[in-house]
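Structural features, examined
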Protein chains: 2
Amino acid sequence: MSGKRQDARVRYTKMVVKQSLLELLRTKPVAKITVTEICEAAGINRATFYSHYADPSDLLQSIEDELVEGITVRAQPALSGGGTDMRATLRGIVGYIRANADTFRVLLSDTGDASFQSQVVSVMERRYLDFWQAFRPEDAEGAAYIYTFIALGSVGVIRRWLDEGMLRSDAEIAELIFRLSAAGLAGLGT
Amino acid sequence: MSGKRQDARVRYTKMVVKQSLLELLRTKPVAKITVTEICEAAGINRATFYSHYADPSDLLQSIEDELVEGITVRAQPALSGGGTDMRATLRGIVGYIRANADTFRVLLSDTGDASFQSQVVSVMERRYLDFWQAFRPEDAEGAAYIYTFIALGSVGVIRRWLDEGMLRSDAEIAELIFRLSAAGLAGLGT
DNA sequence: TCCGATAATCAACGCAGTGTTGACTTATTT
DNA sequence: AAATAAGTCAACACTGCGTTGATTATCGGA
């Protein structure tokens, strides 16, 4: 997409630095993680860190951006292989989260980042809106609240699923989220 | 509850320091707020800060604890004046959040604290569980997921309500949350 | 395969914020 | 008015910051 591929050294540095931060995030919030700490864990020089990122939050942001992008792509109905099939889209998203489970678990946890969760919710919200509006064209009272409700609720289900060690299959979780969301929407008209 | 009342000076210090932090939190995340900054804004000596709190996160934690306590109390059905009336309980909670709207808005925002949201969700979750289990004694498949779904969804509704400037009345929002939650639960059996 | 370009390393820098101390001043309680 | 507790102030060593310039290692293309 953007010109040539990055230098192998750069790729390595970014990778090792990201992994080190994620490792540290398991033990404490980003507020208490220092650049020095990250560099020691990564085995790189501090100056190298600064040539790529401004501070630990900036690094965290770049990790988050990748994951949000991954979800966004899979939230596009056309690309998820299911056309307008919401279940298929959800399975795609759940599968992607499983593939990056360790990272998602940390970032969505208590010591994680509120803004990351917020970004994920936004993507879900938009997708739900696109999908369900086809079925209920006329906007009921307080419709926007419902999409927020089910989007955040869905993320909650995913969080719990991750915390429990992903005992259930992707399909099961996708189906559960689908049913709960559909029910929430149905409840509006009541 | 715990012995005598605190010295007036202590009460003032804690108050002004909390307000200063909340003010700063409007502009940046807690990760980038320094003790020095807080003290300048509060007009107190740095040594005074350290005699009460360990660091900015510790101070933030104490603010959060108060609010979580406030919600917990109102989530007790017996105390919310409505017996087992879930609507009344929700109205009580929503009213409390409105009374502390500025603070809740900041803490539940993107730049807020993931652990605070998490604590609030926990309280709601437990309350929903107590209430609804009376109506559906036999636990359906994946019941725990539903409570997480509706608890987080409820917090999402509150977040949106705060962001929109609380245009709707407490009763309206409480009713909306009640309806969405009930619907989510009903959807499980389907 | 060699060469120019790009990255990473290292040591050093002044600077800002930390957390603690002890001597002091000021406010509160009884 | 005296005793107690809290806040102020200046100073301290220390840690981490962010940047610099010189040096070494690695990469990718001609």
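For the structure, check the block above.
This write-up is about the structure you can find in this document.

Here is what the cut-offs are and how they apply
- Residues numbered from 1 in each chain as written.
- Chains lettered and ligands numbered in written order.
- Predicted model: local features only at pLDDT ≥ 70, side-chain atom pairs only at ≥ 80, totals over all residues.
- Heavy atoms only, no water.
- Near = heavy atom within 4 Å.
- Polar contact = N/O pair within 3.5 Å; in protein donor to acceptor, adjacent residues only side chain to side chain.
- Helix = DSSP H or I, 4+ residues; strand = E, 2+ residues; numbered from the N terminus.
- Nonpolar A, V, L, I, M, F, W, Y, C, P; charged D, E, K, R; others polar.
- Buried < 20%, exposed > 50% of the residue type's maximum accessible area, 1.4 Å probe, protein only.
- Contact = heavy atoms within 4.5 Å.
- Axes fitted to C-alpha atoms, helices over the stretch in contact; angles between N-to-C directions.
- Parallel < 35°, antiparallel > 145°, perpendicular 65-115°, else oblique.
- Left-handed = near helix turned anticlockwise from the far one by under 90°.
- 1 Å grid on protein atoms, 1.4 Å probe; cavity = no way out; pocket = protein on both sides within 12 Å on 5 of 7 lines; lining within 4 Å.
- Points joined across faces, edges and corners; volume = space filled by probe spheres on them.
- Domains from an automatic or database assignment.
- Least-squares fit on C-alpha atoms with pLDDT ≥ 70 in both.

Glancing now at the protein's contact with DNA strand C. The full set close to DNA strand C counts 19 residues, and A:Thr13, A:Asn45, A:Thr48, B:Thr36 and B:Arg46 are the nearest of them. Between a phosphate oxygen of DNA strand C and a side-chain N or O atom of A:Thr13, the distance comes to 2.6 Å. One of the side-chain nitrogen or oxygen atoms of A:His52 is found 3.1 Å away from a phosphate oxygen of DNA strand C. For the surface near DNA strand C, the secondary structure elements donating two or more residues are α1 (8–25) and α3 (46–50) of chain A together with α1 (8–25), α2 (35–42) and α3 (46–50) of chain B. Classifying every residue of the surface near DNA strand C by side-chain character gives eight nonpolar, seven polar and four charged.

In this section: the environment of A:Met86. Residue and element names in this part refer to chain A. Topologically, Met-86 is positioned in helix α5 (residues 86–99). For Met-86, a relative accessible area of 2% corresponds to the buried category. As for Met-86 and Phe-131, which are separated by 45 residues in sequence, their C-alpha atoms are 7.1 Å apart. In this structure Met-86 touches Arg-127, Tyr-128, Phe-131 and Phe-178, once residues within four positions along its chain are discounted.

All names here are of chain A. With their axes 11 Å apart at the nearest point, α5 and helix α7 (residues 114–133) run at an angle of 165° to one another. Classed by the angle they form, the pair α5 and α7 counts as roughly antiparallel. Between α5 and α7 the crossing geometry is right-handed. Counting all contacts with α5, which are made through Met-86, Thr-89, Leu-90 and Ile-93, the residues of α7 involved are Met-124, Arg-127, Tyr-128 and Phe-131. Of the residues assigned to the contact of α5 with α7, the class counts are six nonpolar, one polar and one charged.

What follows is about the layout of surface pockets. Computed from the structure, the largest pocket encloses a volume of approximately 590 Å³. In terms of lining, the largest pocket is formed by 30 residues, of which the most central are A:Val30, A:Gly112, B:Pro29, B:Val30 and B:Gly112. Breaking the lining of the largest pocket down by element, the ones donating at least two residues are α4 (56–75) and α7 of chain A together with α4 (56–75), α6 (101–108) and α7 (114–133) of chain B. Among the elements that make up the lining of the largest pocket, the one with the highest residue count is α4(A) (four residues). The wall of the second largest pocket is formed by B:Met15, B:Lys18, B:Gln19, B:Leu22, B:Glu23, B:Arg26, B:Ile63, B:Glu66, B:Leu67, B:Asn100, B:Asp102 and B:Thr103. Listed by contribution, the elements that provide at least two residues to the lining of the second largest pocket are α1, α4 and α6 of chain B. Here the lining of the second largest pocket gets five residues from one element, more than from any other, and that element is α1(B). Lining the lining of the second largest pocket are residues from two domains, each supplying at least three of them: domain 1 (1–53) and domain 2 (63–186) of chain B.

Quick look at the relation of the copies chain B and chain A now. Superposing chain B onto chain A takes a rotation of 180° combined with a translation of 0.1 Å along the rotation axis, leaving an RMSD of 0.1 Å. Taken together, these values place the two copies in the relation of a two-fold axis. By residue overlap, the copies meet face to face through one surface: 100% of the interface positions of chain B are interface positions in chain A.

All names here are of chain B. Among the structural elements, His-52 can be located in the loop between α3 and α4. Its relative accessible area of 27% is what places His-52 among the partly exposed residues. Sequence spacing of His-52 and Leu-21 is 31 residues, and the spatial spacing of their C-alpha atoms is 14 Å. When neighbours within four sequence positions are excluded, His-52 is seen to be in contact with Val-10, Thr-13, Lys-14 and Asp-58.

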